Amino acid sequence: MDSTRDRDPAPGPTSRSARRAPALATAALVLALTSVTTLVVAAVAAVPAVVNWTHAHGSHLVDHVRGTPLLPSLTTALLTALAALICGAVGAYDAAARPNRYSMASTSVTKSLAWTAELLAIPALALGILLGIAYLVVRAVFD
């Protein structure tokens, strides 16, 4: 009887845990792309709402925003950007903290994916926050 068959495989580049960091970095990139897309949807939805509000004297901005996907898209963009930053940071940290678990190629891919996700998510988060602040200020001042 061979005793090597009864042992669990040692963690290495082919084990299941060795795919965690690249999977998190890939998820971060997908979330960042989703965030950018929904932020564009929110910005496009804001234009007709503001135009209609400026032409309809005496109306409230909230009445024109309700019929658009502005607020749900803005909320989705902010949450997905935040989730992308968290997933990317956890993936990159996991790859850097456990060098014996990941191959050099896997670590490199993880860092590249996390960096790209960060490159997309930070501006999306900042623009989403600015869009949200602008909406709240305009609503408070002019309504």
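In the block above lies the structure referred to throughout.
Residues numbered from 1 in each chain as written. Predicted model: local features only at pLDDT ≥ 70, side-chain atom pairs only at ≥ 80, totals over all residues. Heavy atoms only, no water.

*Asks:* Can you tell me about the overall build of the protein, naming the residues and giving the values?
*Replies:* Summing up its helical and strand segments, the protein has four helices and zero strands in all. Taking all 143 residues of the protein together, the buried fraction comes to 33%. Excluding contacts between residues fewer than 6 apart, the proportion of contacts in the protein whose partners are at least 24 apart in sequence is 83%. Accessible surface, the protein as shown: approximately 8,900 Å² in total, 69% of it carbon and sulfur. (Helix = DSSP H or I, 4+ residues; strand = E, 2+ residues; numbered from the N terminus. Buried < 20%, exposed > 50% of the residue type's maximum accessible area, 1.4 Å probe, protein only. Contact = heavy atoms within 4.5 Å. Areas by Shrake-Rupley, 256 points an atom, 1.4 Å probe, with all protein chains shown as cover.)

*Asks:* Kindly report on the side chain of threonine 68, identifying the contributing residues and their values.
*Replies:* If you trace the backbone, threonine 68 turns up in the loop between helix 2 (61–65) and helix 3 (70–97). Within the structure, the side chain of threonine 68 is placed 2.7 Å from the backbone oxygen of valine 65, a separation counted as a polar contact. Not counting residues up to four positions away in its chain, the partners in contact with threonine 68 are Ala45 and Ala49. (Polar contact = N/O pair within 3.5 Å; in protein donor to acceptor, adjacent residues only side chain to side chain.)

*Asks:* Describe a nonpolar patch on the surface, listing the residues and the values that go with them.
*Replies:* Residues Ile129, Ile133, Val137, Val141 and Phe142 make up a contiguous nonpolar surface patch of roughly 490 Å² in combined accessible area. Note that phenylalanine 142 resides in helix 4 (residues 104–142). (Patch = residues over 30% accessible without salt bridge, like charges linked within 9 Å, V, L, I, M, F, W, Y side chains within 5 Å. Salt bridge = Lys/Arg side-chain N within 4 Å of Asp/Glu carboxyl O.)

*Asks:* So, the pattern of salt bridges: which residues are in play, and what are the values?
*Replies:* Counted under the stated rule, the structure contains three salt bridges. Two residues, arginine 98 and aspartate 94, come together in a salt bridge whose shortest N-O distance is 2.2 Å. For arginine 98, a relative accessible area of 35% translates into the label partly exposed. Three or more residues are tied together by salt bridges with common partners; here these are Arg20, Asp94 and Arg98.

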